[in-house]
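An overview of the molecular structure
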Amino acid sequence: MWDIICLGELFIDLMPHAKVEGKWLYSPSPGGAPGNVAVGLARLGHKALMLSRVGDDAFGRLIVNALQTYGVDVFGIAFSREEKTALSVVTLGEDGDRAFMFYHDHPADLHIDPKTVTHREIVQAKILHIGVLPLSAPQSGAAQRKAMDIADASRLPISCDVNFRPDLWSDRNAMLAAGRFIISRSAIVKVSEEELLALGGTGTLDERVAALWHDKLELFSVSLGAQGAVLYSREGKHTCAAFVVNAIDTTGAGDAYTAAVLSGYLKDGLEQSLEELVKSACAAGALATTKKGAMESLPNSTDIKQLLNQQKPTVSFLPRI
Ligand code: ADP
């Protein structure tokens, strides 16, 4: 019934969208990594269901309306009268790199009710996609672990983007442990280089990925921002240089990359050219940096095809020894 179920945080990103007389004007923009991935997949023609919780407030409704407009099923999002919608204020550097100020004091998305995570929905999907943030609180943590257990019992592959946000954790070690935990249960993983280094271990990126590798893993991406990405599989690693674009806001680039990897996996599994897969994913990530906002900037298949026709970045392959 669904290609993907995404579980986790939904945020309002307050984005600086224009400068007037030297001052930034801010506007609310829907975001939250798992929500962005759901929208990214919907834009690529897949059926996505979102499981989350928002405040019964203007920002909660804004997010749910946006997801619905992008074609994501939203009946799995609860509205709470007790908690507010999570909020982050985004600031942008000269190169479009963003920083977040979080307002995340007992927000609705950390109170996802385990009772709302049911076997009936999860088994109707092809992939469960998650991050670490729900594991920072007891209730949303229980909801996420329940979803992961149902997925495992039904042999549904789990996909994760650890998406570390240290400011949202009181205990950095608990965050890192949560990252290692979800990676240990996933078939498809995406981390940034910085996150891979934070996860521990020693040595090169290859050695660190090898230390995290387990039997269930099929695809492990390390995204390198403006340097492109490395996609590890059982056969070896594909390294893709970045597409050259005019990056104005990198919010959502990682989610666009993840959505493109998952889209390729849903269509052709591992019976496809991983060179083409990592190229499409890097194209999606690059395109997401060319517009402001997270969901608004996620590309569709035509956008990706167009960039793939215009630019041919180098992809090198190194087999596993
Ligand atoms: P995250 O948002 O998770 O930190 P990245 O910033 O690494 O992820 O971006 C994901 C992908 O998007 C990268 O692997 C790269 O292919 C593409 N990308 C990101 N920033 C740029 C950029 N400035 N120019 C071109 N491509 C980019």
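Residues numbered from 1 in each chain as written. Predicted model: local features only at pLDDT ≥ 70, side-chain atom pairs only at ≥ 80, totals over all residues. Heavy atoms only, no water.

1. A closer look at the packing of helix 9 (residues 274-288) against helix 10 (residues 301-310)
In plain terms, the rule: Axis definition: a line fit to C-alpha positions, over the contact stretch in the case of helices; interaxial angles, taken between N-to-C directions, run 0 to 180 degrees. Helix numbering and strand numbering both begin at the N terminus, where a helix is a DSSP run of H or I of at least 4 residues and a strand a DSSP run of E of at least 2. Our angle categories are set so that under 35 degrees counts as roughly parallel, over 145 as roughly antiparallel, 65 to 115 as roughly perpendicular, and the remainder as oblique. The contact criterion used is simple: two residues touch if any of their non-hydrogen atoms lie within 4.5 Å. Think of it as three bins: nonpolar holds Ala, Val, Leu, Ile, Met, Phe, Trp, Tyr, Cys and Pro, charged holds Asp, Glu, Lys and Arg, and polar takes everything else, Gly as well.
Relative orientation of the contacting elements helix 9 and helix 10 amounts to 105°, with a least axis distance of 9 Å. With respect to helix 10, the axis of helix 9 lies roughly perpendicular. Seen from helix 9, the contacting residues are Lys279, Ser280, Ala283, Ala284, Ala286 and Leu287; seen from helix 10, they are Asp303, Ile304, Leu307 and Leu308. Looking at the contact of helix 9 with helix 10, its residues break down into seven nonpolar, one polar and two charged.

2. Remarks on the layout of surface pockets
Here is the rule: Each cavity reported here is a set of points on a 1 Å grid over the protein atoms alone in which a 1.4 Å probe fits but cannot get out, each pocket an open set with protein on both sides within 12 Å along at least five of seven lines, and each lining residue one with an atom within 4 Å of a point. Grid points are joined across faces, edges and corners, and a volume is the space filled by probe spheres set on the points.
The calculated volume of the second largest pocket comes to roughly 320 Å³. If you go around the second largest pocket, you meet 15 residues; those closest to its centre are Ala260, Ser263, Gly264, Lys267 and Ser280. Elements that contribute at least two residues to the lining of the second largest pocket include exactly helix 8 (253-268), helix 9 and helix 10. At five residues, the largest contribution of residues to the lining of the second largest pocket is made by helix 8.

3. Here we look at the site of the ligand
Our working definition: If even one non-hydrogen atom of a residue comes within 4 Å of a molecule or strand, that residue is called near it. Two N or O atoms count as a polar contact when they lie within 3.5 Å, although within protein this holds only if one can serve as hydrogen donor and the other as acceptor, and sequence-adjacent residues are included solely when both atoms are side-chain atoms. Per-residue accessibility takes into account occlusion by the displayed protein chains alone, with areas from the Shrake-Rupley method and a 1.4 Å probe.
The environment of the ligand is made up of 18 residues, and the closest members are Lys190, Ser223, Gly225, Gly228 and Phe243. Between the ligand and Ser223, the relevant distance is 2.8 Å, taken from an oxygen atom to a side-chain nitrogen or oxygen of the residue. Taking Gly225, its main chain carries an N or O atom lying 2.8 Å from an oxygen atom of the ligand. Starting from 550 Å² of accessible surface for the ligand in isolation, the protein chains cover 87%. Looking at the shell around the ligand, the elements that each hand over two or more residues are helix 8 and helix 9. Per element, the largest residue contribution to the shell around the ligand is three residues, and it comes from helix 9.

4. Focus on the nonpolar core
The criterion, for reference: Side-chain atoms within 4.5 Å link the members of a nonpolar core, which is a set of buried Ala, Val, Leu, Ile, Met, Phe, Trp, Tyr and Cys residues. Using a 1.4 Å probe on the protein chains alone, a residue whose accessible area is under 20% of its type maximum counts as buried, one over 50% counts as exposed, and one in between counts as partly exposed.
Within the largest apolar cluster, 52 residues are counted, with the highest numbers of intra-cluster contacts made by Met50, Leu67, Val72, Ile77, Ile188, Leu219 and Tyr257. The greatest single-element share of this core, amounting to 10 residues, is contributed by helix 9. In terms of nonpolar packing, the next biggest core, distinct from the first, is built from 49 residues, Val162, Ile183, Leu205 and Val222 among them.

5. Structural notes on empty space enclosed by the protein
This model, assessed by the stated rule, comprises one cavity of 30 Å³ or more. The calculated volume of the largest cavity comes to roughly 40 Å³. If you go around the largest cavity, the residues you meet are Ser159, Cys160, Ile188, Val189, Lys190, Ser221, Tyr257, Thr258 and Val261. When grouped by side-chain class, the residues that make up the lining of the largest cavity number five nonpolar, three polar and one charged.

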